[in-house]
Amino acid sequence: MTAGSTLTPETEVSEADDIRDSQKTACCVVGGGPGGMMLALLLARQRVPVMLLEQHRDFDREFRGDTIHPSIMEILDQIGLAEPLHQLRHAKIYGPTLRLANTTFSPIDLRRLKTPFPYIFLIPQARFLEFLAAEASKFPDFKLVMGANVEQLMEEDGQVRGVRYLGSDGMHEVRAPLVVGADGRFSRVRHLVGFEPIKTSAPMDILWFRLPHIPGDLPEGEGRVLGGFRRGRMLAVFDRFDYWQVGYVFPKGHYQDLRTAGLESLRQSIVEVEPAFTEHVKSLTDWHQFSLLSVESSRCPRWFKPGLLLIGDAAHVMSPVGGVGINYAVQDAVVASNILAAPLREGRVQLSDLAKVQSEREWPTRVIQRMQGAVQNRILASVLNSQETPRIPWFVRAFFRIPFLRDIPARIIAFGVRRVRVEENAR
Ligand SMILES: Cc1cc2nc3c(=O)[nH]c(=O)nc-3n(C[C@H](O)[C@H](O)[C@H](O)COP(=O)(O)OP(=O)(O)OC[C@H]3O[C@@H](n4cnc5c(N)ncnc54)[C@H](O)[C@@H]3O)c2cc1C
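It should be emphasised that the depicted structure is a prediction, and the values quoted were computed from it without experimental measurement. (Residues numbered from 1 in each chain as written. Predicted model: local features only at pLDDT ≥ 70, side-chain atom pairs only at ≥ 80, totals over all residues. Heavy atoms only, no water.)

## Here we look at the overall build of the chain
Rules: Secondary structure follows DSSP: runs of H or I at least 4 residues long count as helices, runs of E at least 2 residues long count as strands, and numbering of each begins at the N terminus. For this analysis, residues touch if any pair of their heavy atoms sits within 4.5 Å. Areas reported here follow the Shrake-Rupley algorithm with a probe of radius 1.4 Å; residue values treat only the protein chains shown as occluding.
Assigned secondary structure in the chain consists of twelve helices and 21 strands. For the chain, long-range pairs separated by at least 24 residues make up 75% of all intrachain contacts whose partners lie at least 6 apart in sequence. Looking at the chain as shown, the accessible area adds up to about 19,100 Å², and 51% of this sits on carbon and sulfur atoms.

Spelled out as structure tokens, the structure:
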């Protein structure tokens, strides 16, 4: 270590820190989720040496959303990957169907949008990440290390210079002029630099679980996202080809009440919302089949410091409302690559470049989080706290009949509040 260098947390180099090797790269990306993977791919395509460190040994993980929105598909198309992605097993949906008080309501129809991809493309996230990793591996400047758990940041004179990660064989060091923390909602990198996100609590939590497909459920390849509401409970149901991925939404902080009421009570509540699941819920026999996801939303006031940038959920945890988290993480990656590829290649990344990434992405994040907050607090909170089955107010139905207005929500879901493109010279 050179003079003035430190490791965070307060760890000095010692005999115990038996570093197995030290590698160098131009950009070290921490976290192989949608944001980190897309950034690494885009940089490698532009001949920027990039090393991607992912703590897991594979891309299978607890449910995190399977949705590829039109904006991501347009981005993939700009780099020639939309067509190959369509070769993988997928389903398409044109808008969610809400089931309320014996009626259905499909407020959003993406087919009216001006895009070559007017649908949400559903693919298990693990398959999507494997696809991006395989594409990135075609570029000699890309290096992926799986099972690499980043534990420390290396800092010299207030500048981040690299990371240390724990692999199966011990500690390794990666030195880089830029470290990008794309390590998700519980970001270790964010914690190590001491950035405190401003948190907004959502009024709900979600239990995720699978239900089996039963023959006759759904025509092959059609795909469905359903939302059912009844007596203060909601179900979000995603078709995952071989099984249904279900999110059971309930008021925040009531998980222990569900446990106390018991599994039979939960099964009944699921069937109350979706009577078609009467047979399916018999497969739910153990609480281990459920994972609890505490829904929150947050945003870091600052996304960068010398030698370091945060993107995706590490910079701003998105609520699942509208399913825009993957979209935003990928858009952050595209903007970061547009701004940083040339300076990284030339070894002259300035603090102002990192600030530019935040300023281009922060306001779309603020706007969407405000919208998500309004939906959560004004609509979902009252639905979750009511014993009545909700009805769609007349003015909401009227809104979705006005041609000029009705596609605004669809456009936001499809593209976020600002459409992002891969720069021409990066295609
Ligand atoms: C319940 C729920 C449902 C959701 N549904 C949807 C949806 O339908 N559609 C949608 O668009 N979004 C959805 N989201 C949001 C979406 O999952 C995230 O916004 C998105 O995954 C963020 O991408 P990311 O790349 O920033 O982070 P992540 O996808 O979280 O990826 C971070 C990666 O970093 C790795 N990592 C973490 N720590 C380390 C470390 N120390 N060292 C190395 N690697 C590390 C992790 O293993 C992970 O692979 C949902 C979120 C929740 C909570």
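Still more to cover.
## A short note on the site of the ligand
Here is the rule we go by: Only heavy atoms are used to decide nearness, and a residue is near a molecule or strand if one of them lies within 4 Å of it. Definition of a polar contact: a pair of N or O atoms within 3.5 Å, with one able to donate and the other able to accept a hydrogen when the atoms are protein atoms, and with sequence-neighbouring residues admitted only if both atoms are side-chain atoms. In the scheme used here, Gly and all other residues not listed as nonpolar or charged are polar, with Ala, Val, Leu, Ile, Met, Phe, Trp, Tyr, Cys and Pro taken as nonpolar and Asp, Glu, Lys and Arg as charged.
Around the ligand lies a shell of 32 residues, among which Glu54, Arg61, Arg64, Thr67 and Asp313 are the nearest. Here an oxygen atom of the ligand sits 2.9 Å away from a polar atom, N or O, in the main chain of Gly323. Bound to the protein, the ligand loses 94% of the 1,000 Å² it would expose on its own. Only helix H1 (34-45), strand S4 (50-54), strand S11 (149-156) and helix H8 (325-346) provide two or more residues apiece to the shell around the ligand. The element that contributes the greatest number of residues to the shell around the ligand is H8, accounting for three residues. For the shell around the ligand, the class distribution of residues is twelve nonpolar, 13 polar and seven charged.

## Considering the sheet that holds strand S3 (residues 27-30)
Basically, it comes down to this: Two strands qualify as a pair provided that DSSP identifies no fewer than 2 bridges between them. Where helices are involved, their axes are fitted lines through C-alpha atoms of the stretch in contact, as for all axes, and angles between N-to-C directions lie from 0 to 180°.
The six strands lie next to each other as S10-S4-S3-S14-S21-S20, forming an open sheet whose pairing is mixed. In this open sheet, the two strands that pair with only one neighbour each are strand S10 (142-146) and strand S20 (304-305). Where S20 meets strand S21 (residues 308-310), two bridges bridge the pair, whose relative direction is antiparallel. Of the residues in S21, the one forming a bridge with Phe304 is Leu309. Contacting S3, S4, S10 and strand S14 (178-181), H1 crosses the sheet at an angle of about 160° to S4.

## Let's talk about the sheet that holds strand S9 (residues 120-122)
Taken in spatial order, the three strands line up as S5-S9-S6 in an open sheet, and their pairing is antiparallel. The open sheet has two free edges, formed respectively by strand S5 (67-68) and strand S6 (91-93), since each of these has just one partner strand. The sheet contact formed by S5 and S9 spans two bridges and is antiparallel. Paired with Ile68 across the bridge in S9 is Phe121.

## Focus on a nonpolar patch on the surface
We apply this condition: Each patch is built from residues lacking any salt bridge and having more than 30% relative accessible area; the joining distance is 9 Å for like charges and 5 Å for nonpolar side chains (Val, Leu, Ile, Met, Phe, Trp, Tyr). In what follows, salt bridge is the name for a side-chain nitrogen of Lys or Arg lying within 4 Å of a carboxyl oxygen of Asp or Glu.
Where nonpolar side chains cluster on the molecular surface, the patch consists of Trp363, Val367 and Met371 and spans about 250 Å² of accessible area. Turning to its location among the elements, Met371 is positioned in helix H9 (residues 351-384).

## Describing the side chain of Ser297
For clarity, the threshold we go by: Only protein chains enter the area calculation, which uses a 1.4 Å probe; residues under 20% of their type maximum are buried, those over 50% are exposed, and those in between are partly exposed.
With respect to the element layout, Ser297 can be found in strand S19 (residues 291-299). By relative accessible area, Ser297 is classed as buried at 6%.

## Side note on the packing of aromatic side chains
The cut-off we apply is this: Two aromatic rings from Phe, Tyr or Trp, using only the six-membered ring of Trp, form a pair when their centres are within 6.5 Å; if the ring planes differ by under 30 degrees the pair is stacked, by over 60 it is edge-to-face, and anything between is tilted. Counted as over-ring charges are cases with an Arg CZ or a Lys NZ within 6 Å of the ring centre that also lie within 35 degrees of the ring normal.
Evaluated as defined, the whole model comprises seven aromatic pairs. Centroid distance Tyr255 to Trp287: 6.4 Å. Interplanar angle 85°. Geometry classified as edge-to-face. Remark: Trp287 occurs in the loop between helix H7 (263-273) and S19 and Tyr255 occurs in helix H6 (residues 255-261); sequence separation between them is 32 residues. According to the relative accessible area criterion, Trp287 is buried, its value standing at 15%. One aromatic cluster in this structure is built from Phe209, Tyr255, Trp287 and Phe290. Across the ring face of Phe304, the terminal group of Arg302 is positioned such that the distance to the ring centre comes to 4.3 Å.

## A short note on the pairing of strand S17 (residues 233-239)
In terms of residue burial, S17 counts as a mostly covered element, since five of its seven residues are buried. Pairing of S17 with strand S18 (residues 243-251), which is carried by six bridges, proceeds in the antiparallel orientation. Across the sheet, the residue bridging to Phe238 is Gln245, located in S18. Linking S17 to S18, which pair antiparallel, is a turn of three residues; within it Phe241 sits at a positive phi near 65°.

So yeah, pure geometry; function would need other evidence.
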